[in-house]
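# Observations on the three-dimensional arrangement
So you can see what is in the structure, the chains are spelled out below.
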Amino acid sequence: MNQAERKIILETLSILVGKRLNWIGRAAAMASLGFGDPVLMERIVRKEDGTFGTEKQMIPPYALHIDGIYRLICGEQVFLGKGDVFEPASGQQNKEDFDWESFEWDIIGNNRYDEIGEKLLETSSPPLIVEKVSVNRLGDLSIHLTNGFKLEALIDTSVGDRKSGSAGM
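Overview of the structure. (Residues numbered from 1 in each chain as written. Predicted model: local features only at pLDDT ≥ 70, side-chain atom pairs only at ≥ 80, totals over all residues. Heavy atoms only, no water.)

## Focus: the overall build of the chain
Cut-off, in case you're wondering: Numbering of helices and strands starts at the N terminus; helices are DSSP runs of H or I of at least 4 residues and strands are runs of E of at least 2. Accessible area is worked out with a 1.4 Å probe on protein chains only. A residue is then buried under 20% of its type maximum, exposed over 50%, and partly exposed in between. The contact definition used throughout considers only heavy atoms, calling two residues in contact when any of these lie within 4.5 Å.
For the chain, the count of helices and strands is 3 helices and 10 strands. Based on the C-alpha atoms only, the size of the chain along its principal axes is roughly 50 × 40 × 35 Å. Split into buried and exposed, the 169 residues of the chain put 34% on the buried side. In the chain, 49% of the contacts between residues at least 6 apart in sequence involve partners at least 24 apart.

Rendered as structure tokens:
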């Protein structure tokens, strides 16, 4: 990743500095993180009868979606990571007769990611506020939060700049 690309990422994500992390969700295994004070928005929803309507909901004004390797760390501990999506919630995993064949990780609330994300926001005091955003020379993203937390999104490919054909070596 070149310096100009890093600069664009930093300029784009600098809007998050000072904003509170107030939502941790997902779409399949893609992390979806909400920042900023929630605002009332109207969205289109499918009703039970198959028709479409609208619904008002409080949502964060800024969302970051990460579809690669990511983790939320504090000190030497990983609190939440992409792999947690594929692990059963704590109420299920300790059962000796747990059936991995029937485990449906993609159902909201059925896995560790959903469980930990919800608990983390409920118990984080003071709230998690973005202090700084950084991007290293490889393109790995770090979002530094209060309370010593850091969200990391890591480059997980050897393919570099597709335009020039370089492999980032």
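Alright, that's what it looks like, and here's the rest.
## Focus on the nonpolar core
Defined as follows: Throughout, nonpolar core names a set of buried Ala, Val, Leu, Ile, Met, Phe, Trp, Tyr and Cys residues whose side chains join them through atoms within 4.5 Å.
If you look at the biggest cluster of nonpolar residues, it comprises 27 residues, and the most contacted ones within it are L33, L64, I66, Y113, L141, I143 and L145. At the level of elements, strand 1 (21–27), strand 2 (30–35), strand 5 (62–66), strand 6 (69–74), helix 3 (112–123), strand 8 (130–135), strand 9 (141–145) and strand 10 (149–154) are the ones that each hand at least two residues to this core. Ignoring sequence-local partners within four residues, the contact set of L141 consists of L13, L64, V133, S134, V135, L151, E152 and A153.

## Side note on unusual backbone geometry
At A28, a position not held by glycine, the phi torsion is positive, near 55°. Along the chain, A28 falls in the loop between strand 1 and strand 2. Unusually for a residue other than glycine, N147 sits at a positive phi of about 65°. The topology assignment puts N147 in the loop between strand 9 and strand 10.

## A word on the sheet that holds strand 5
To keep it simple, the criterion reads: Strand pairing follows a simple DSSP-based rule, namely that at least 2 bridges must link the two strands. The convention used is that axes are lines fitted to C-alpha atoms, helices contributing only their stretch in contact, and that angles between N-to-C directions extend from 0 to 180 degrees.
Taken in spatial order, the 3 strands line up as 1-2-5 in an open sheet, and their pairing is antiparallel. The open sheet has two edge strands, strand 1 and strand 5, and neither has a second partner. The average undirected angle you get between the axes of adjacent strands in this sheet is 20°. Pairing between strand 1 and strand 2: 6 bridges, direction antiparallel.

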